[in-house]
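Listed below are the residues making up each chain.
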Amino acid sequence: MSTMTATPSPFSPADRPQLGLRERKKIKTREAIRTATYALVKEQGYDATTIEQIAERAEVSPSTVFRYFPTKEDIVITDEFDPIIMEELRARPADEPWMITLRYVMRKAIQYGLKEDEETSRLRSHLMVQVPAVRSRMMESMSVTGNMLCHAIAERTGRDAESLEVRVYAMSLVGGLMEATLYWAETGHQGEFSDLVERAMDVLEHGLSET
């Protein structure tokens, strides 16, 4: 996952320092590459879209595309919410029950993501289902997100971030969110994605129901 936010969090502190010129240029370039990729995929499909075409549409060189995104799949799966989620997890009250914190942060992140571009969110989830290479790369990226979450959990609970229990819990959450995304796409994006995430969180909190 990406390690830099493309846009400020709508629920972050108002006094967050402004990004420098270099950082803003990087963000602009990365977003241009993403926008070009999604436009081309809509026009001609994922497999037919090449790095050279993406570079030309984004008005950058192919080497620049690879500098920001090592593979074409990374353009699709990389988002800017990991750091936002981690920041907001750490900003919640230390005595707040952990599951309440998770539900709050997930809900806010989803609201923000879908508000920004719901069509792109649908396209990304569709590609995760339809393109094996995208889904495979997403599975690989889960370990990065899970590691970040392990440290956030450790900070809150005082547990060892490398302990088996923390690692299992973190990856269960990450895996649950991925499965909710896949399910949303597989069912034709019926209903609200936020409702599916709430259902996934229910399973993590309470396990499978007896019915």
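So, here is what we can say about the structure in this document. Treat the numbers as computed from the prediction; the structure is a model and nothing was measured. (Residues numbered from 1 in each chain as written. Predicted model: local features only at pLDDT ≥ 70, side-chain atom pairs only at ≥ 80, totals over all residues. Heavy atoms only, no water.)

**Observations concerning the nonpolar core**
For clarity, the cut-off: Throughout, nonpolar core names a set of buried Ala, Val, Leu, Ile, Met, Phe, Trp, Tyr and Cys residues whose side chains join them through atoms within 4.5 Å. Only protein chains enter the area calculation, which uses a 1.4 Å probe; residues under 20% of their type maximum are buried, those over 50% are exposed, and those in between are partly exposed. Helix and strand assignments follow DSSP, with helices taken as H or I runs no shorter than four residues and strands as E runs no shorter than two, numbered in order from the N terminus. Contacts are residue-level and defined by heavy atoms, with any inter-residue pair within 4.5 Å sufficient.
One finds Leu89 and Leu149 to be the most contacted residues of the largest nonpolar core, which totals 40 residues. Of all the elements in the fold, those that place two or more residues in this core are helix H1 (21-44), helix H4 (72-77), helix H5 (81-91), helix H6 (98-130), helix H7 (132-157), helix H8 (164-186) and helix H9 (193-206). With 10 residues, the top contributor of residues to this core is H6. Dropping the residues within four chain positions of it, Leu149 is found in contact with Met86, Leu89, Ala170, Leu173 and Val174. In terms of nonpolar packing, the next biggest core, distinct from the first, is built from 10 residues, Ile33, Ile51, Ile54 and Ile75 among them.

**Re the packing of aromatic side chains**
Stated formally: Only the six-membered ring of Trp is used, alongside the rings of Phe and Tyr, when aromatic pairs are assigned; centres must lie within 6.5 Å, and planes under 30 degrees apart are stacked while those over 60 apart are edge-to-face, with the rest tilted. By definition, being over a ring means that NZ of Lys or CZ of Arg is both within 6 Å of the ring centre and within 35 degrees of the ring normal.
Taken as a whole and assessed by the stated rule, the structure comprises one aromatic pair. Both rings, one in Trp184 and one in Phe193, keep their centres 5.1 Å apart while their planes meet at 40 degrees; by these two values the pair is tilted. In terms of burial, Trp184 and Phe193 fall into one category: buried. Cation over ring: Lys72 sits above Tyr46, and NZ or CZ is 4.2 Å from the ring centre. Sitting over the ring of Tyr104, Arg92 keeps its end group 3.8 Å from the ring centre.

**Observations concerning the pattern of salt bridges**
Selection rule: Here a salt bridge means any side-chain nitrogen of Lys or Arg lying within 4 Å of a carboxyl oxygen belonging to Asp or Glu.
A complete count under the given rule lists 11 salt bridges for this structure. Among the salt bridges present, the one from Asp202 reaches Arg103, with a minimum N-O distance of 2.6 Å. Placement of the pair is Asp202 in helix H9 and Arg103 in helix H6, with a sequence separation of 99 residues. For Glu140, the salt bridge goes to Arg137, with nearest N and O atoms at 2.9 Å. With Glu140 and Arg137 both in helix H7 and three residues apart, this pair spans about one turn of that helix. By relative accessible area, Glu140 is classed as partly exposed at 46%. Each of Arg103, Arg107, Glu198, Asp202 and Glu205 takes part in salt bridges that share partners, so that together they form one network.

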